[in-house]
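Close look at the chain arrangement
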Amino acid sequence: MLDLVVIGGGPGGYVAAIRAAQLGFKVACVDKRGTFGGTCLNVGCIPSKALLDSSEHFHQAQTRFSRHGILVGELKLDLAAMMSRKDRVVRDLTGGVAYLLKKNKIEAITGIARINKPGEVVVQDAGGAERVLACRHILLASGSEPVQIPSLPFDGTHVISSTEALCLDRVPEHLVVVGGGVIGLELGSVWRRLGARVTVVEFLPKILSICDGEIAAQLQKSLEKTGFEFKLGTKVTGRRVEGNQVILEAENRDGKLEIAGDKVLVCVGRRAYTRGLGLESIGIQPDPRTGQIPVDENYQTRVPGIFALGDLTAGPMLAHKAEDEGMAFAERLAGQKSHVDLAAIPNVVYTWPEIASVGPTEEQLQAKGVGYKVGKFQLRANGRAKCMDEDEGLVKVIADPETDRVLAVHIFGPRASDMIAEAVHVIEFKGSSEDIIRISHAHPTLSEGLREAAMAVHGRAIHA
Ligand code: FAD
Ligand code: NAI
């Protein structure tokens with residue numbers, strides 16, 4: 001008898017499995033993919049960041065090296081080599097997860113899992129053979145899938161999801177991106193840098209609606225400078241295929257329009273994936289709108305002994321949120337009182353410059369009528385940013401006007417993804433903007449920008 005069967009080997013599932021094994025539970029982890037690591041390692045975070053890094057090198061060599069006095073002659077793209085490197089990164093990391101499962105004596109099973117009844121999971125392998133796993137607890141960590149637009153269904157060739165956009169064998173001439181959210185801007189950046197014309201069609205009047213408005217507007221301007229085109233406030237109504245072109249039919253306040261492209265990437269959000277898990281038969285009903293499964297503070301569903309986390313449950317659909325929950329779930333199963341503060345989960349958009357944030361936006365605070373003070377610092381006055389020739393960016397610290405406690409930090413700039421870690425610590429430790437000011441920051445570093453923004457909260461920035 002197993003203590004725990006985990007369905008799904010993504011960052012939520014495999015981390016929960018490892019932490020549970022560390023705590024002495026006998027664990028099996030089932031995934032239907034041939035490799036572990038879930039969406040994140042196979043077709044999400046990792047391959048997208050590998051291509052973002054490669055394409056950014058290409059773009060830098062093309063447009064910025066000469067400013068550093070480096071002349072490279074004719075630059076050529078070897079897309080096949082770039083894709084192989086990305087595949088190698090994925091292979092190394094997914095292989096690493098398989099190794100970790102083995103090292104922790106977790107039985108890693110490849111197959112499609114479904115719950116027969118509480119305490120019983122059936123796994124079907126590729127040949128159709130079934131195996132029954134008896135267990136005390138079941139963790140659902142089956143992740144999410146892309147949302148489909150009914151008038152623009154995926155066909156895998158012309159109308160594609162992020163999965164296909166991560167392995168195209170040639171640079172599209174014109175990539176039309178439907179959805180100006182995080183996937184659209186990240187994968188749009190990859191293909192724009194490699195030479196594609198990129199048009200983003202967004203339903204709302206602005207891109208990245210969950211981000212700070214001022215910062216999202218700065219990113220939009222920056223992307224426009226690199227050639228991105230935006231059609232905001234535009235609704236897709238249909239499509240037709242003519243030869244190797246997809247003609248996207250849309251409308252906005254100026255009337256109807258058509259946009260022709262050779263690839264249309266649809267990325268309008270993701271939805272929890274619960275198909276085939278057998279939930280109906282055991283009385284678990286996903287939320288009809290989001291598909292997500294309600295859970296209590298122990299990650300338990302309404303059925304005792306059956307738990308869920310990661311993209312399957314409420315909160316941001318992020319790998320680190322899934323991992324944090326994986327650890328907290330296992331520790332709670334062992335009787336510990338761990339918890340995850342969803343309000344302190346950082347969010348990063350890996351464009352260049354990057355956006356990284358933690359805590360509410362000014363718009364969200366205003367909508368709630370919460371008072372705040374804000375300090376801003378432009379990165380063009382930061383020494384390291386100047387040395388890097390990367391001085392586009394803004395750091396914003398938002399603090400409570402009474403207590404000075406830091407409520408949020410929003411960063412637009414190079415390596416904002418690394419800078420945000422300090423802000424997350426301050427927020428988790430309930431620190432103030434004065435705390436950030438009093439802590440020594442190495443010079444010259446981008447992190448000095450955070451300190452300057454904290455000083456600006458009190459109107460005493462030194463370098464602004
Ligand atoms: P998943 O990683 O989706 O894992 C679920 C696993 O369950 C899958 O491997 C699936 O095969 C398996 N499964 C499903 N049903 C069954 C079944 N019945 N039987 C067996 N196995 C099953 N997040 C970030 O934090 N940073 C990023 O940079 C980032 N980039 C992304 C880029 C892209 C293009 C995409 C699509 C997503 C990105 N994400 C990113 C989101 C991140 O990938 C997810 O939030 C994360 O993977 C969720 O983890 P999870 O464990 O809940 O589910
Ligand atoms: P998203 O929610 O980030 O953005 C979707 C966008 O599509 C929104 O701006 C929305 O207004 C727009 N939209 C919705 N319906 C539309 C329509 N019919 N026509 C035009 N626009 C429409 O979703 P996305 O980009 O698909 O990413 C899904 C999730 O994956 C993210 O929310 C995030 O959780 C995760 N992810 C995280 C990454 C990171 O952390 N860097 C990177 C990639 C994905």
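Only a predicted model underlies this, so the values are computations on that prediction, with no experimental measurement involved.

Definitions and cut-offs
Residues numbered from 1 in each chain as written. Chains lettered and ligands numbered in written order. Predicted model: local features only at pLDDT ≥ 70, side-chain atom pairs only at ≥ 80, totals over all residues. Heavy atoms only, no water. Helix = DSSP H or I, 4+ residues; strand = E, 2+ residues; numbered from the N terminus. Rg over C-alpha atoms; globule rule 2.2 N^0.38 Å. Buried < 20%, exposed > 50% of the residue type's maximum accessible area, 1.4 Å probe, protein only. Contact = heavy atoms within 4.5 Å. Areas by Shrake-Rupley, 256 points an atom, 1.4 Å probe, with all protein chains shown as cover. Lys, Arg positive; Asp, Glu negative; His and termini not counted. Charge placed at Lys NZ, Arg CZ, Asp CG, Glu CD. Domains from an automatic or database assignment. Buried area = accessible area lost by both parts, 1.4 Å probe. Polar contact = N/O pair within 3.5 Å; in protein donor to acceptor, adjacent residues only side chain to side chain. Core = buried A, V, L, I, M, F, W, Y, C linked by side-chain atoms within 4.5 Å. Pairing = 2+ DSSP bridges. Axes fitted to C-alpha atoms, helices over the stretch in contact; angles between N-to-C directions. Salt bridge = Lys/Arg side-chain N within 4 Å of Asp/Glu carboxyl O. Expected span 1.5 Å × (residues − 1). Patch = residues over 30% accessible without salt bridge, like charges linked within 9 Å, V, L, I, M, F, W, Y side chains within 5 Å. Near = heavy atom within 4 Å.

Of regular secondary structure, the chain possesses 14 helices and 22 strands. In terms of overall dimensions, the chain is globule-like: its C-alpha atoms have a radius of gyration of 23 Å, near the 23 Å expected for 464 residues. Summarising its shape, the C-alpha atoms of the chain cover approximately 65 × 60 × 45 Å along the three principal directions. Residues counted as buried form 51% of the 464 residues belonging to the chain. In the chain, 62% of the contacts between residues at least 6 apart in sequence involve partners at least 24 apart. Of the roughly 21,100 Å² of accessible surface on the chain, 52% is carried by carbon and sulfur atoms. If you average the places of the 54 positive and of the 56 negative side-chain charges in the chain, the two averages end up 2 Å apart.

Our next topic: the domain arrangement of the chain. Domain annotation for the chain reports domain 1 (2-145 + 271-343), domain 2 (159-268) and domain 3 (353-457). Here the C-alpha centroids of domain 1 and domain 2 sit 27 Å apart. Listed per partner, the contact involves 17 residues of domain 1 and 15 residues of domain 2. Interface of domain 1 and domain 2: buried area, both sides summed, is about 1,300 Å²; carbon and sulfur atoms make up 70% of it. Taken as a group, Val43, Leu52 and Leu79 account for 34% of the area that domain 1 buries against domain 2, more than any other trio of residues on that side. If you look at where domain 1 meets domain 2, you find 5 residue pairs in polar contact (both at pLDDT 80 or more).

All right, on to the nonpolar core then. Counting 35 residues, the largest nonpolar core has Leu185, Trp191, Leu208, Leu265 and Ile355 as the members making the most contacts within it. The set of elements that each furnish at least two residues to this core consists of α3 (45-63), α4 (79-103), β9 (174-178), α6 (182-193), β10 (197-201) and α7 (213-225). Listed in part, the 31 residues of the second largest apolar core include Ala16, Ile18, Leu41 and Leu333.

The next point concerns the sheet that holds strand β14 (residues 255-261). With antiparallel pairing, 3 strands are arranged side by side in an open sheet as β12-β13-β14. The outermost strands of the open sheet, each flanked by one partner alone, are β12 (235-242) and β14. For this sheet, the mean inter-axis angle between neighbouring strands, taken without regard to orientation, is 20 degrees. As defined by bridge partners, strand β13 (residues 245-252) adjoins β14 across 7 bridges and the pair is classed as antiparallel. Within the sheet, the bridge partner assigned to Glu249 lies in β14 and is Glu258.

On to the pattern of salt bridges. Summed over the entire model, instances satisfying the criterion amount to 26 salt bridges. We note a salt bridge from Glu186 to Lys49, for which the minimum N-O separation is 2.7 Å. Here Glu186, found in helix α6, pairs with Lys49, found in helix α3; they are 137 residues apart in sequence, far enough to count as distant. Among the residues examined, Glu186 registers a relative accessible area of 6% and is labelled buried.

In spatial order, the strands read β18-β19-β22-β21-β20; together these 5 strands make up an open sheet with antiparallel pairing. Either end of the sheet is taken by a strand with one partner, and the two such strands are β18 (347-349) and β20 (373-378). Put simply, the sheet's adjacent strands are angled 10 degrees from each other on average, direction ignored. Bridge count between strand β19 (residues 354-358) and strand β22 (residues 406-413): 5 bridges; the pairing is antiparallel. Within the sheet, the bridge partner assigned to Val358 lies in β22 and is Val409. The sheet strands contacting helix α12 (residues 416-428) are β18, β19, β21 (394-399) and β22, and the helix crosses β19 at an angle near 10 degrees.

This part covers the pairing of β21. Judged by how many residues are buried, β21 sits mostly within the fold: 6 of 6 residues are covered. In β21, alternate side chains face the same way, and those of Leu394, Lys396 and Ile398 on one face and Val395, Val397 and Ala399 on the other are all buried.

Spanning 15 residues, helix α9 (residues 319-333) covers 21 Å between terminal C-alpha atoms, matching the ideal 21 Å at 1.5 Å per step. For α9, the tally of buried residues reaches 11 of 15 residues, placing the bulk of the element in the interior. Of all the positions in α9, only Ala319, Lys321, Ala322, Glu325, Gly326, Ala328, Phe329, Ala330, Glu331, Arg332 and Leu333 are classed as buried. Residues of α9 that are buried sit in contact with β1 (2-7), α1 (11-22), α2 (38-43), α3, β6 (130-140) and β17 (306-308). Where α9 terminates, the next one or two residues include Gly335, which has phi positive at roughly 90 degrees.

Once that is clear, we can look at a nonpolar patch on the surface. Together, Ile70, Val72 and Leu75 make up a nonpolar patch on the protein surface, roughly 210 Å² of accessible area in all. Residue placement: Leu75 occurs in the loop between α3 and α4. Looking at Leu75, the relative accessible area reads 31%, which means it is partly exposed.

Moving on, we come to the site of ligand 2. Not every one of the 21 residues close to ligand 2 is listed here, only the nearest: Glu186, Glu202, Gly269, Met317 and Val348. Glu186 has a polar side-chain atom sitting 2.8 Å from a nitrogen atom of ligand 2. Within the contact set of ligand 2, an oxygen atom lies 2.6 Å away from a backbone nitrogen or oxygen of Met317. When isolated, ligand 2 has an accessible area of 840 Å², and the protein chains bury 76% of it. For the shell around ligand 2, the leading source of residues is α6, giving 3 residues. Composition of the shell around ligand 2 by domain shows at least three residues from each of domain 1 (2-145 + 271-343) and domain 2 (159-268).

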